[in-house]
Amino acid sequence: MKLAALLLALTAVVWGKSKPTEKIFVFTNVNIVDTRGGPTKERVTVVVKNGRITGIAPIGLIEESRNTIVINADGKYLIPGLWDMHVHSAFNDPVWDEKVIYPLYIANGITGIRDMGGVLESLEQRRQHIEHGEVLGPRMVFAGPFLVGGKSDSQSIGVNTPEEARSAVETLKKKHVDFIKILSVPRDSYFAIAEQSKKDHLYFVGHVPPSVSMAEASSAGQRSIEHLTGFALAASSEETQLRQQMFQAKDRATYFGAGQRAVETYDPAKASALISLLAKNNTWQVPTLVWTATQADSERANTEFLKYVPASIREQWKAQKTAADQLAEYKRDAAQGPVTVRQMRQGGVRFLAGSDGPDPMVVPGFSLHRELELLVESGFTPLQALQTATLNPSQFLGISDKYGTVEKGRIADMVLLAANPLTDIRNTTKIAGVMVEGKYHPREELDRVLAGLEAEARKQ
């Protein structure tokens, strides 16, 4: 699929190649938000050279150079680039072109993403295009295909036996994926994946299959659990009976009924013990509250950003109908999710922000900011919410020496905000500029990119 010439020209002019520029950028009169929790560094100067922060001082010493660009921040706030830790950016649908989906992240200050499942060849190619400057986009880590019970296709590998599970992990290791993603797999396959992943020095993440308890998943080394899967069942006083009921369910009503009963039989003591285990094992949670809330009540979703979604995708979303029992489950989870998140946070469980976009009404880029709002509504402080998209991802991925904070020596992936996100998390949307790959892109350039994407979306 070819994009409009206007968009291609605009992207080339604005973004150029992704190789760090030789220019020196000097941010003056800027406030640095300390994502570690320390006091904000007020009215300082930040120097960036070759894509790295080389100096921070109350009064900056600016090198003599014709390549020096001084940006008067005028009291604005500098934060690390955001990470969306649960996205899907390369699948069989060609309408979500790489020149459509990835710029939406950068325009929203998201300079890194964790892709949680898609076509491996497309992901590899798209990451190369971003790294070579052919496409505007964030840094990427990805799993490639899901591991599932059942048949294989371009986006998944069927692992119906332990032998198939181990073989799949070894195959993906050889293809240099960054981690392993699990959906629903048989119990013996799950533990084979855990064993082989450890052997191959890969971490594994994903859903907690009905065949495995959340406690078992945590103890087996699952690094992150998505969508809070498995918690309600594991915290039920009738867990054993309900798990069996789910296995033997011959229709949707029986299966969903077991899920509802799990919520009704919530056992505080079991929940507390499970949360303590998750914290002890450092099993991260990616609740994707925005996805659940949107599916539960799509009419309340913010439609302002749909103009950036390709027209054919918008029509698909509009035509999609949700079964009554499935909708009831979404509503139940949307109500229960914030309660669970609050309990887990109070119990010391660590969190990552993820949107699970694109999906019906979950628009790439914009939805992460709503996720941060929902985390605050669930009891997080604005700082704690901000950490789930900055400091925490860097620690989870083992790259905190490069990302997650605005400090000397770090990669200069940064977002300049017009207002303080620590007083109101919604201020993460007030983006005055984005710096990534050694280039600074002010608001007017981001607006031009978004205008080009909006025009292109109308044609697709």
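Please read all numbers here as calculations on a predicted model, not as lab measurements.

What counts and how
Residues numbered from 1 in each chain as written. Predicted model: local features only at pLDDT ≥ 70, side-chain atom pairs only at ≥ 80, totals over all residues. Heavy atoms only, no water. Pairing = 2+ DSSP bridges. Helix = DSSP H or I, 4+ residues; strand = E, 2+ residues; numbered from the N terminus. Axes fitted to C-alpha atoms, helices over the stretch in contact; angles between N-to-C directions. Contact = heavy atoms within 4.5 Å. Salt bridge = Lys/Arg side-chain N within 4 Å of Asp/Glu carboxyl O. Buried < 20%, exposed > 50% of the residue type's maximum accessible area, 1.4 Å probe, protein only. Core = buried A, V, L, I, M, F, W, Y, C linked by side-chain atoms within 4.5 Å.

A.B. asks: I'm lost on the sheet that holds strand 6 (residues 82–87) in this one. Help?
C.D. replies: Strand pairs in the sheet, formed through backbone hydrogen bonds, run parallel or antiparallel to each other. One open sheet holds the three strands; their spatial order is 6-7-8, and the pairing between them is parallel. The sheet is open, and its two borders are formed by strand 6 and strand 8 (139–142), each paired with just one other strand. Adjacent strand axes in the sheet meet at a mean angle of 15 degrees, parallel and antiparallel pairs treated alike. Bridge count between strand 7 (residues 110–115) and strand 8: four bridges; the pairing is parallel. In the sheet register, Ile 113 faces strand 8, and the bridge partner there is Met 140. The sheet strands contacting helix 2 (residues 98–107) are strand 6, strand 7 and strand 8, and the helix crosses strand 7 at an angle near 130 degrees.

A.B. asks: Could you clarify how one ought to interpret the pattern of salt bridges in this entry?
C.D. replies: Opposite charge on two side chains permits them to pair, given that their charged atoms come into close proximity. Overall, the coordinates contain 20 salt bridges when judged by the stated rule. One salt bridge in this structure joins Arg 370 and Glu 373, with 3.0 Å as the shortest N-O distance. Of this pair, Arg 370 and Glu 373 both sit in helix 14 (residues 366–377), three residues apart, roughly one helical turn. By relative accessible area, which is 34% here, Arg 370 ends up partly exposed. Among the ionic contacts, a cluster of salt bridges with common partners joins Arg 36, Glu 407 and Arg 410.

A.B. asks: I would appreciate a short explanation of the nonpolar core in the present structure.
C.D. replies: Of all hydrophobic cores here, the largest spans 89 residues; its most connected members are Trp 96, Ile 180, Ile 193 and Met 344. Of the residues forming this core, the biggest block, seven residues, is contributed by helix 2. With residues near it in sequence (within four places) discarded, Ile 180 still touches Ala 143, Leu 147, Val 169, Leu 172, Ile 193, Ser 197, Leu 202, Tyr 203, Phe 204 and Val 205. Of all hydrophobic cores here, the second largest spans 18 residues; its members include Val 30, Val 44, Val 406 and Met 435.

A.B. asks: Is there a simple way to think about the environment of Gly 347 in this case?
C.D. replies: Structurally, the position occupied by Gly 347 is in the loop between helix 13 (324–346) and helix 14. Between the alpha carbons of Gly 347 and His 227 there is a distance of 18 Å; along the sequence they are 120 residues apart. Residue contacts for Gly 347: discarding those within four places in its chain leaves Ile 275 and Ala 279.

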